[in-house]
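As a plain string of letters, each chain reads:
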Amino acid sequence: MARDDVTKILLDESEIPTHWYNIVSDLPEPPSPVLHPGTGQPIGPDDLAPLFPMALIMQEVSSEPTIEIPDEVRDIYKLWRPTPLYRARRLEKALDTPARIYYKYEGTSPAGSHKPNTAIAQAYYNKQEGMKRLTTETGAGQWGTALSIACNFFGLECTVYMVKASYFHKPYRKSMIEAYGATIYPSPSEQTQAGRQVLGEFPDSPGSLGIAISEAVEDAATHDDAHYALGSVLNHVLLHQTVIGQETIKQMEKAGEYPDVVVGCVGGGSNFAGFSFPFIGQRLRENKKTRFVAAEPQACPTLTKGEYTYDLGDTVGLTPAMKMHTLGHTFIPPSIHSGGLRYHGDAPLVSQLVNDGIVEAVAHGQTKIFDAGVQFARAEGIMPAPEAAHAIRSAIDEALAAREAGEGRVIVFNLSGHGHFDMGAYDAYFSGQLEDFEYPEAAIKDALTKLPPSLAGVT
Ligand SMILES: *Cc1c(COP(=O)(O)O)cnc(C)c1O
């Protein structure tokens with residue numbers, strides 16, 4: 001029975017999950033292999049050893065149903081976990097909907113998003129294996145913040161390559177990353193051969209996540225005491241985020257509810273996966289009827305318009321190739337786009353679930369995304385990150401559809417972070433400068449002709 005007297009559902013510290021959940025154990029088909037960019041052949045754990053600690057590589061290829069969370073990681077999780085689940089009563093009222101809307105709020109972490117859930121784990125395993133420094137990329141700055149916090153906790157140095165356009169648009173993210181002791185460069189930079197190569201060809205390049213990944217990977221691969229850390233996309237990153245969905249299942253139980261629709265936004269897929277995979281596992285094992293909605297921007301429509309094929313993870317071609325929905329690894333996000341979620345590819349596990357019809361993907365234009373973000377802030381008080389506003393858009397659309405149908409559907413979405421560093425984008429919205437932009441199909445087709453010869457025709 002749904003309880004009608006709850007607004008906020010909290011869990012005790014002791015209820016932080018003890019294990020991460022691995023969806024690979026419940027998938028109808030095993031994931032497609034990861035391929036070497038030069039040979040087009042499947043790679044093994046040793047190929048990844050220059051970049052990642054063996055513990056993370058084993059998680060990357062694991063099909064165990066669960067993996068225990070180390071005590072040191074769980075102890076740090078206690079700084080902000082368990083995170084609250086809210087019933088969005090005031091939003092329900094504003095929408096005049098019979099739907100019951102819940103949201104899990106990940107903005108209470110020190111970085112302001114879900115990203116520390118994996119940053120802490122990644123820094124821990126790297127420290128265990130004797131690394132001195134981690135390198136990474138960051139787009140809007142959330143991941144760079146999360147990793148710099150984690151490195152600081154474990155006494156690791158941290159080098160962050162930040163997409164140049166964001167570096168200059170979001171100076172306070174840069175300051176925050178520096179406050180935690182990391183070194184930060186605008187990417188493309190002169191620090192790496194990859195950066196110099198891009199600057200040689202495009203001196204005014206605004207950068208992209210694909211380029212910044214190339215720089216961070218090169219830096220790690222050419223220094224023995226450094227490893228690379230990725231904030232999304234990879235299986236082990238999605239795995240670490242499953243604390244979100246596991247807590248949500250417990251909290252929904254306490255509310256006396258089970259969701260009809262589970263909604264999240266997708267950039268590389270980590271918060272969506274972390275939130276939805278524990279529920280998807282229940283659907284796969286117990287035949288539940290729950291729907292899963294992945295929300296993305298029309299300006300970077302990876303899941304809705306991208307091709308499901310092998311592509312590289314970075315622009316220059318230093319990373320392995322993964323089978324995923326992709327806009328092509330040379331993708332540069334349109335400069336007019338303000339809402340984040342700008343990666344050219346998507347997590348292979350999320351892509352596979354979309355391809356199998358288990359997850360539905362929806363793309364939204366940015367004015368409607370900011371409409372939803374502001375409507376949510378006015379109703380519930382929390383200023384959402386523009387990324388999270390994609391999920392809010394889809395949740396509101398589901399609630400309005402429930403009103404049309406006159407049905408009391410139960411909607412739960414992941415509010416992946418707060419928007420306190422994103423007010424520049426809200427400014428652009430309030431002053432009418434945001435334009436909707438649909439990424440052209442022809443550009444995707446063109447980018448996919450630039451795959452390396454080793455991958456041509458591999459499906
Ligand atoms: C980074 C980020 C995202 C997108 O990344 P995913 O890996 O798709 O989760 C979404 N929301 C917030 C608040 C973020 O910081």
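Everything that follows concerns the structure shown earlier in this document.
The structure reproduced in this document is the subject of the present report. Predicted model, so just to flag it, every value in this text is computed and none were measured.

A word on the sheet that holds strand S5 (residues 100-105)
Step number 1: The strand order across the open sheet formed by 7 strands is S1-S4-S5-S15-S10-S11-S14, and the pairing between neighbours is mixed. Where the open sheet ends on each side, the last strands, each with one partner, are strand S1 (8-9) and strand S14 (360-364).
Step number 2: Bridge analysis of strand S11 (residues 291-297) against S14 gives 5 bridges, and the strand direction is parallel. Residue Glu-296 lies in a different strand from S14, and its bridge partner there is Ala-363.
Step number 3: Packing against the sheet, helix H13 (residues 270-286) makes contact with S5, strand S10 (261-265), S11 and strand S15 (410-415), and its axis sits at approximately 160° to S11.

Considering the pattern of salt bridges
Step number 1: One pass over the structure, following the stated rule, counts 19 salt bridges.
Step number 2: Notably, a salt bridge pairs Asp-75 with Lys-78, separated by 3.3 Å at the nearest N-O pair.
Step number 3: A salt bridge links Arg-409 to Glu-398; the shortest N-O distance between them is 2.7 Å. With Arg-409 in the loop between helix H17 (386-405) and S15 and Glu-398 in helix H17, the pair connects residues that are 11 residues apart, well separated along the chain.
Step number 4: You can call Arg-409 buried: its relative accessible area is 12%.
Step number 5: Taken together, the shared-partner salt bridges connect Arg-291, Glu-360, Glu-398, Glu-407 and Arg-409 into one network.

Focus on the nonpolar core
Step number 1: In this structure, Trp-20, Tyr-77, Tyr-228, Phe-277 and Val-350 are the most contacted members of the largest nonpolar core, which totals 89 residues.
Step number 2: Here this core takes 7 residues from helix H6 (residues 142-154), the largest share from any one element.

What to know about the pairing of S10
Step number 1: Buried residues dominate S10, accounting for 5 of its 5 residues.
Step number 2: Residue alternation in S10 divides its side chains into two sets, Val-261, Val-263 and Cys-265 and Val-262 and Gly-264, and both sets are buried.
Step number 3: Bridge count for S10 against S11 is 5 bridges, and the pairing is parallel. Opposite Val-263, over in S11, you have Val-293 as the bridge partner.
Step number 4: Bridge analysis of S10 against S15 gives 3 bridges, and the strand direction is parallel. For Val-262, the partnering residue across the bridge sits in S15 and is Val-412.

About the cut-offs
Residues numbered from 1 in each chain as written. Predicted model: local features only at pLDDT ≥ 70, side-chain atom pairs only at ≥ 80, totals over all residues. Heavy atoms only, no water. Pairing = 2+ DSSP bridges. Helix = DSSP H or I, 4+ residues; strand = E, 2+ residues; numbered from the N terminus. Contact = heavy atoms within 4.5 Å. Axes fitted to C-alpha atoms, helices over the stretch in contact; angles between N-to-C directions. Salt bridge = Lys/Arg side-chain N within 4 Å of Asp/Glu carboxyl O. Buried < 20%, exposed > 50% of the residue type's maximum accessible area, 1.4 Å probe, protein only. Core = buried A, V, L, I, M, F, W, Y, C linked by side-chain atoms within 4.5 Å.

Functional significance is not addressed by these values, which are geometric in nature.
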